Amino acid sequence: ISYITSFENAGSIRLDHVTVRRAGRLLRGSGRHAISIRKAKSFEANHLMLESIENGGHGVSIVDTEEVVLHCSLVTTLNGSGSYSVQAVRGDTVRITNSVIGQGQNVENSNILRLWDYEEVTVREKTVVNDRATGTFFLFQLGDTMAPPTMEENVLIGPGNPVAGIEGGFMLPSSNLTAST
């Protein structure tokens, strides 16, 4: 599909084996994300493929959703002009595993993943590619109840800061590999 998929005030949402190409190409203004979820009980995506997010839209934008799971997925703006590849705002749990997430030189936002105000965040066995000259791989905006994120066995490729937004700093565990291009 090549259009915006939006859910609001939904129960549990699960997407399996879905491909979205060139999302946001014809849309301007807010709401031009490839997938937009608001106020859901849970969102789970398995084998999701998002390509070339354009016009400033996010690949996946999830707001006020209790549980978010992104597994075995590809989210990339390598050929587009999108914003965050993945944004998750306010909820209980975020788990992103076995996925590839990337951004190209023309994206509007230098942060690849924005995770804000979740109680538990796990990012494991994931490859993140930054094709910009600068940027941040993970931007965490911690709420009052958010514990430090669990980040294990990730590969971060390209220039930029691995992690930003955690007061007092955050040491990326040694099980993660960083490599410049």
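Residues numbered from 1 in each chain as written. Predicted model: local features only at pLDDT ≥ 70, side-chain atom pairs only at ≥ 80, totals over all residues. Heavy atoms only, no water.

Student: Lay out empty space enclosed by the protein in plain terms, naming residues and giving numbers.
Tutor: Summed over the entire model, instances satisfying the criterion amount to 1 cavity of 30 Å³ or more. What the largest cavity holds in volume is close to 40 Å³. Lining the largest cavity are Phe43, Val60, Ile62, Val68, Leu70, Val86, Ala88, Val94 and Ile96. Elements with a minimum of two residues in the lining of the largest cavity: strand S5 (60-63), strand S6 (67-71) and strand S8 (86-97). Among the elements that line the lining of the largest cavity, the one with the most residues is S8, at 4 residues. Counted by class, the lining of the largest cavity contains 9 nonpolar, no polar and no charged residues. (1 Å grid on protein atoms, 1.4 Å probe; cavity = no way out; pocket = protein on both sides within 12 Å on 5 of 7 lines; lining within 4 Å. Points joined across faces, edges and corners; volume = space filled by probe spheres on them. Helix = DSSP H or I, 4+ residues; strand = E, 2+ residues; numbered from the N terminus. Nonpolar A, V, L, I, M, F, W, Y, C, P; charged D, E, K, R; others polar.)

Student: Requested: an account of the nonpolar core, with residues and values cited.
Tutor: Core analysis: the biggest nonpolar cluster contains 37 residues, and Phe43, Phe138 and Phe140 have the highest contact counts within it. Looking at this core, the elements with two or more residues in it are strand S2 (12-21), strand S3 (35-38), strand S4 (42-51), S5, S6, S8, strand S10 (111-124) and strand S12 (136-141). Among the elements that line this core, the one with the most residues is S10, at 6 residues. Excluding residues that lie within four positions of it along the chain, Phe140 makes contacts with Leu115, Val121, Met146, Pro149, Met151, Val163, Ala164, Gly165 and Ile166. (Core = buried A, V, L, I, M, F, W, Y, C linked by side-chain atoms within 4.5 Å. Buried < 20%, exposed > 50% of the residue type's maximum accessible area, 1.4 Å probe, protein only. Contact = heavy atoms within 4.5 Å.)

Student: Describe the side chain of Thr122, naming the residues involved and giving the relevant values.
Tutor: Within the secondary structure, Thr122 is located in strand S10. The exposure class assigned to Thr122 is buried, which follows from its relative accessible area of 6%. When near neighbours in sequence (up to four residues on either side) are disregarded, Thr122 contacts Val94, Arg95, Ile96 and Thr150.

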